[in-house]
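Below are the chains, spelled out letter by letter.
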Amino acid sequence: VLRIMLELAVMKTRILIFLFLCLIFCTTSCIRWLYEDSYAPYYAKFFIKNNTEENIEILCNENPECLVVAPEDSVSIGLVETKRRKGYPSFRSALHDTDVETVSVGKDGTVLKVWTEDGRNEPGRQLFDESCWRYYIREYNDEPDYFIWVFDIVPEDLPSASVD
């Protein structure tokens, strides 16, 4: 009888150890799945800043509503929400997700410059070329939450709109 009781105690101990190991395995292997969606997403935001001395008009994708931007002011052309992954969101994928394919800059209803996504490798400053943008990371609670790109429109970007 003592031997049976001893074997039962050993079996109970083994079962408890097995259950404890299962509990540890499940919580450590599934923990990412449990909390992954509870983290706030990343945001990628794109701004165009007017570094000229006059008001300019910005049109994205032939949208009939133009955005008038005063000197030294900026306007947002896109905000993208992305899930947290290893690494930070890339410029091209985030800008692509804004669905901005064409940006036109004008003054007094006259288009002075048009940038297209297909023209990003052409000579000169290109709006769709990442090297022409300033890049900032904003952190919240020691974690990055906003990735901000700013494109400066300078007088050299815009040919004069003189009429003969």
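Look above for the structure.
Draft legend 1. Geometry of the pairing of strand S5 (residues 102-107). When you tally the buried positions in S5, you get five out of six residues, the bulk of the element. Strand direction decides the pairing type here: strand S2 (residues 56-60) and S5, joined by four bridges, are antiparallel. If you follow glutamate 57 over to S5, its bridge partner there is glycine 106. For S5 and strand S6 (residues 110-116), the ladder comprises six bridges, and the chain directions are antiparallel. Looking at S6, one finds that threonine 102 is bridged to threonine 116. Between S5 and the antiparallel strand that follows it, S6, lie two residues; aspartate 108 among them carries a positive phi value of about 55°.

Draft legend 2. Inspection of the environment of lysine 45 at higher detail. Relative to the helices and strands, lysine 45 resides in strand S1 (residues 42-50). Among the residues examined, lysine 45 registers a relative accessible area of 23% and is labelled partly exposed. The spacing of lysine 45 and leucine 79 is 34 residues in sequence and 4.5 Å in space, taken between C-alpha atoms.

Draft legend 3. A look at the sheet that holds S1. Taken in spatial order, the four strands line up as S4-S1-S8-S7 in an open sheet, and their pairing is mixed. The strands lining the two open edges of the sheet, one partner per strand, are strand S4 (74-82) and strand S7 (133-140). Each adjacent strand pair in this sheet contributes to an overall mean axis angle of 20°, direction not counted. By the bridge criterion, eight bridges tie S1 to strand S8 (residues 143-153) in an arrangement that is parallel. Looking across to S8, one finds that lysine 49 is bridged to aspartate 152.

Draft legend 4. The arrangement of a nonpolar patch on the surface in detail. Nonpolar side chains collect at one region of the surface, where Ile4, Leu8, Met11, Ile15, Leu16, Phe18 and Leu19 lie side by side and expose about 740 Å² of accessible area between them. Position of leucine 16 relative to the elements: it lies in helix H1 (residues 2-35).

Draft legend 5. Layout of the packing of aromatic side chains. Under the defined criterion, the tally for this structure stands at 10 aromatic pairs. Aromatic rings pair up to connect Phe46, Phe91, Trp115, Trp133, Tyr135, Trp149 and Phe151 into one cluster.

What counts and what doesn't
- Residues numbered from 1 in each chain as written.
- Predicted model: local features only at pLDDT ≥ 70, side-chain atom pairs only at ≥ 80, totals over all residues.
- Heavy atoms only, no water.
- Buried < 20%, exposed > 50% of the residue type's maximum accessible area, 1.4 Å probe, protein only.
- Helix = DSSP H or I, 4+ residues; strand = E, 2+ residues; numbered from the N terminus.
- Pairing = 2+ DSSP bridges.
- Axes fitted to C-alpha atoms, helices over the stretch in contact; angles between N-to-C directions.
- Patch = residues over 30% accessible without salt bridge, like charges linked within 9 Å, V, L, I, M, F, W, Y side chains within 5 Å.
- Areas by Shrake-Rupley, 256 points an atom, 1.4 Å probe, with all protein chains shown as cover.
- Salt bridge = Lys/Arg side-chain N within 4 Å of Asp/Glu carboxyl O.
- Phe/Tyr/Trp six-rings, centres within 6.5 Å; stacked < 30°, edge-to-face > 60°.

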